[in-house]
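Architecture and fold: a report
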Amino acid sequence: MSVKALFLELRELPSDARERRLEELAAADPPLASRLRALLAADDTEFLVPAAGEGLPRRLGRYRLLRELGRGGMGVVYLAERMDADFAPRVALKCLPYLADPASEARLAHERRVLARLRHPRIARLLDGGTGEDGRPWLAMEYVEGEPLDRAVAGLDRRRRLELWLKIAEAVAHAHAALVVHRDLKPANVLVDAAGEPHLLDFGVAALLEGGDGGALTGRHGLPLTVRYASPEQLRGEPVGTAADVFALGVILYELVAGQWPFGDEQEPLAQMRAILERPPRPLPRGTPRDLAAVCARALAKTPADRYPTVEAFATDVRAFLAGRPVRARHAGLGERAVRWLWRRRWLAAGLASALALAVAGVLYHLHSLAAQLARVEAERARAEALAGFFVELFEAVDPAEIAGELSARQLLERGAGRLLGAERNDFNPAVRAELLQAVGAIYTRLDLNREAERVFREAVRLRRGPAAEREGLALALNGLAVALQRRGAYGEAEALVGEALALRRELGDERSLRYANLLNSRAILLDLAGERERARATFTEAETLYRALLPKGAREFAGLLANLASHAMLSGDIAGCLERADEALALLQGEDDALRRIALLERRGLCRLARDDLRGAGEDLAAARAIAGATLAPGHRRHSAAHLAYAQYAVTASRPELALELLDGLPETALAGDLRLEAGLARIAALLFAGRLEEATQALARLPAALRAEHPEAAALDALVAYCLEPDAEGRAAAERRLAAWRPQPYAGWRRERLRPVLGGCAPRPAQPN
């Protein structure tokens, strides 16, 4: 066994077991034992930070450290609070040792990337990150006050334990949907709060299935793991996928049911490794239902192919057990299935017995009802299997070489859309196919891939209008298509689709629902964008009245409406109304995980503050929007680019042109389309003017179409200013003044014209040259 492997084994042992093991090694190889003692001593002092209560570091970055929560091989975790914010929630701040090696820093950076892509109420959220004055990187996470899972379940009955496990499985399934494998699931990484809700922690050794992000962490040796919950393939050093998390969840489920570890009573890691690799799980205690034992056995299979294919499939069997339905892990005979079915519908069995006692006609009537109900159950089962089967097939079709290489989430999504739009998926009935298309379209919309979303939503609408038309599904498909069309500027067609969806909701008697309010919100946005301000205002008012009647339900959607009302007020020149709406919406979003709405609201409020010459407040809002976008969105996302562009515009206004140019240079070309491209071009020219870089400003102007330079008020004003600064004279100054005066910006954007006036004063006429 290598020195590294022995070191990793020893560092996991309690101190007394470690000493016994070192004595065994010393008897066989004294120099080796001496070297291992030196390595362990260095490892124990690696952190070079005092114990809690003994000279605790006072701060790290912008956080005040309150007390130590824990420490281990991946770093130290403190309870901390922001020093520059009032009433900010406390956080769990994770930092590296003072003398951390590059591998540790890579793991912490990797954990931050992983957490940034996970958004689930039962996964501790990433809130902040940075580097301290001492050079140590850190990240701040949501602080969860609670007990580890194994302590929190004391006193709970089996049903409550299984329900708790299902919530954990839901969080893991969310991570897998984001192509993240946790790889270190264990009770210590699940905290249960006072309300009984579990929270999943510590993604420090997670793997990204897309490839690229986790490569440095997937080596055969040295990867942190907990042996008791590691899968056989992890212990053998093989590449791991979602099956490793299925195995760990199986161990946790077994312990929750049996109160003991499934592979024996071994305490030392090497013995535990041998047990997992070689020994089958021991039988569950007497009295454990056979179905539950079969579920545990399948999850703990040695070979990944013999386990559940997904966490969701695993959870489906646990839910089936709780509901008294047969589980897929064990085949039940027809008689047993019939008894279970009747037991779940005891009222129906009693009705059948009464009917039999009365007359044969009653029996026939109830048998007919029973057949219809069975048909509905079978149809729902077929639908669920079709939906699950599609996604399982999609992942099974992926070549493992692709996962390790360049296959991205978008490519996988394209592959799924192609299958649904192609002839080979005609084996689905239209309703199931439409539902799958709408799910794919919703993901495209979330990723801001609007042409792709339009393509799949159009097919979903076509299917929903077919012979088996279903109004609820059609209304949802129409709304999805309208959103995609709105985002690419097809306001007229989008508004017609929303109108049709509203009519369908009224036919369904659904006029007091959250979905109806959301459609009213969509229609008001489209009317506002089309310049129909009065109709937009009336529709916004109708939507707002309905949202307020539905509160607290739909608080996030109501915050979205308030964001749109803030934009409406801003476009109308009502700056006070804009600020009021934005403040109310941000208050509603407190504690909510909705980065896109928060970014948009901070942008709107920042621009309104600029209109009020509140440079400090505007800078704070626009910087916050940029920070959230940077932490949660990919650089190619439209909202990410818009947030950075808004801050660049602020930087020009705040006389910081070089910062504005640096921000504009960082915007990816692929993310600048339509109005964003024009806005970025105009902001660059203004920044170059303020920086005195006239030749570059001339070149940037030349890249704008000639018609735009003549017709667009801001472009024409910039053209005149650049011309004057290159050849300052009275005539040029007068021309520039006329261009500025002729520019009538939107009511909220007067600051954009006024920011250019100082340029006139900075370009003085040149002294006359002597003859």
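On a predicted model such as this, the values are computed, not experimentally measured, just so you know.

Scoring rules and cut-offs
- Residues numbered from 1 in each chain as written.
- Predicted model: local features only at pLDDT ≥ 70, side-chain atom pairs only at ≥ 80, totals over all residues.
- Heavy atoms only, no water.
- Helix = DSSP H or I, 4+ residues; strand = E, 2+ residues; numbered from the N terminus.
- Buried < 20%, exposed > 50% of the residue type's maximum accessible area, 1.4 Å probe, protein only.
- Contact = heavy atoms within 4.5 Å.
- Pairing = 2+ DSSP bridges.
- Axes fitted to C-alpha atoms, helices over the stretch in contact; angles between N-to-C directions.
- 1 Å grid on protein atoms, 1.4 Å probe; cavity = no way out; pocket = protein on both sides within 12 Å on 5 of 7 lines; lining within 4 Å.
- Points joined across faces, edges and corners; volume = space filled by probe spheres on them.
- Nonpolar A, V, L, I, M, F, W, Y, C, P; charged D, E, K, R; others polar.
- Phe/Tyr/Trp six-rings, centres within 6.5 Å; stacked < 30°, edge-to-face > 60°.
- pLDDT = per-residue confidence, 0-100.
- Disulfide = S-S within 2.5 Å.
- Expected span 1.5 Å × (residues − 1).
- Polar contact = N/O pair within 3.5 Å; in protein donor to acceptor, adjacent residues only side chain to side chain.

1. Concerning the overall build of the protein chain
Broken down by element type, the protein chain carries 35 helices and 11 strands. Counting all 771 residues of the protein chain, 47% fall into the buried class. Restricting to contacts in the protein chain with at least 6 residues of sequence separation, those with at least 24 account for 58%.

2. Concerning the sheet that holds strand E10 (residues 198-200)
With respect to topology, three strands assemble into an open sheet ordered E7-E9-E10, the strand pairing being antiparallel. The open sheet has two edge strands, strand E7 (146-148) and E10, and neither has a second partner. Across this sheet, the average inter-strand angle for adjacent strands is 35°, counted without regard to direction. Pairing of strand E9 (residues 190-193) with E10, which is carried by three bridges, proceeds in the antiparallel orientation. In the strand pairing of E10, Val190 is matched with Leu200. Strands in contact with helix H6 (residues 158-177) are E9 and E10; relative to E10, the strand with the most contacts, it is inclined by about 30°.

3. A closer look at empty space enclosed by the protein
Counted under the stated rule, the structure contains two cavities of 30 Å³ or more. Size it by volume and the second largest cavity reaches roughly 40 Å³. Together, Arg183, Asp184, Leu185, Leu225, Thr226, Tyr229, Ala230, Gln234, Ala244, Asp245 and Ala248 line the second largest cavity. Here the lining of the second largest cavity takes three residues from helix H8 (residues 242-258), the largest share from any one element. Taken together, the residues that form the lining of the second largest cavity break down as six nonpolar, two polar and three charged.

4. Some thoughts on the environment of Ala691
In this fold, Ala691 is placed in the loop between helix H29 (675-690) and helix H30 (694-702). Note: C-alpha distance between Ala691 and Val759 (68 residues apart in sequence) is 9.9 Å. If near-sequence neighbours (up to four positions away) are discounted, Ala691 is found in contact with Pro657 and Glu658.

5. What about the packing of aromatic side chains?
Inspection of the entire model under this criterion finds seven aromatic pairs. Here the aromatic rings of Tyr308 and Phe314 are separated by 4.9 Å at their centres, their planes lie at 10°, and the arrangement is stacked.

6. Side note on the confidence of the model for the protein chain
Mean pLDDT over the protein chain works out to 79, with 78% of the residues at or above the 70 mark. Taken as a whole, residues 352-372 scores under 50 in pLDDT and shows nine contacts with residues more than four places along the chain or in a different chain.

7. Some details on the state of the cysteines
Here the structure, examined in full by the defined rule, presents one disulfide. Note that Cys578 is cross-linked by a disulfide to Cys608, the S-S spacing being 2.4 Å. Because the sign of the S-S torsion sets the handedness, a value of about 100° for the bond joining Cys578 and Cys608 places this disulfide among the right-handed ones. Placement of Cys578 in helix H24 (residues 575-588) and of Cys608 in helix H25 (residues 595-611) is noted, with a sequence separation of 30 residues between them. For Cys578, a relative accessible area of 0% corresponds to the buried category. Residue Cys608 is classed as buried on the basis of its relative accessible area, which comes to 0%.

8. Describing helix H23 (residues 555-571)
Its 17 residues give H23 an end-to-end C-alpha distance of 24 Å, which sits within 8% of 24 Å, the value for a rise of 1.5 Å per residue. Counting buried residues in H23 gives 14 out of 17 residues, a clear majority hidden from the surface. Of the residues flanking the end of H23, it is Gly573, one or two places downstream, whose phi is positive at about 80°.

9. What about the layout of surface pockets?
Empty space within the second largest pocket amounts to approximately 1400 Å³. Arg82, Leu127, Arg598, Ala624 and Ile628 are, among the 39 residues lining the second largest pocket, the residues nearest its centre. Looking at the lining of the second largest pocket, the elements that each hand over two or more residues are strand E5 (126-131), H25 and helix H26 (615-632). With seven residues, H26 is the single largest residue contributor to the lining of the second largest pocket. A per-class count over the lining of the second largest pocket returns 17 nonpolar, four polar and 18 charged.

10. What to know about unusual backbone geometry
Residues Leu551 and Pro552 are joined by a peptide bond in cis, for which omega reads 5°. Along the chain, Pro552 turns up in the loop between helix H22 (533-550) and H23. Located in the positive-phi region is Arg183, a residue other than glycine, with phi close to 75°. In this structure, Arg183 sits in the loop between strand E8 (180-181) and E9.

11. Describing the side chain of His568
Positionally, His568 belongs in helix H23. For His568, a relative accessible area of 6% puts it in the buried group. Among the polar contacts made by the side chain of His568, one reaches the side chain of Asp528 at a distance of 3.0 Å. Every residue in contact with His568, bar those within four places of it in the chain, is listed here: Asp528, Arg533, Ala536, Arg537 and Phe540.

12. Focus: H22
Helix length check: H22, at 18 residues, gives a terminal C-alpha distance of 26 Å against a target of 26 Å (1.5 Å per residue), a fit within 8%. Inspection of H22 places Ala536, Thr539, Phe540, Ala543, Glu544, Leu546, Tyr547 and Leu550 among the buried residues, and these make up the whole buried set. Where H22 is buried, its residues touch helix H21 (514-529), H23 and H24.

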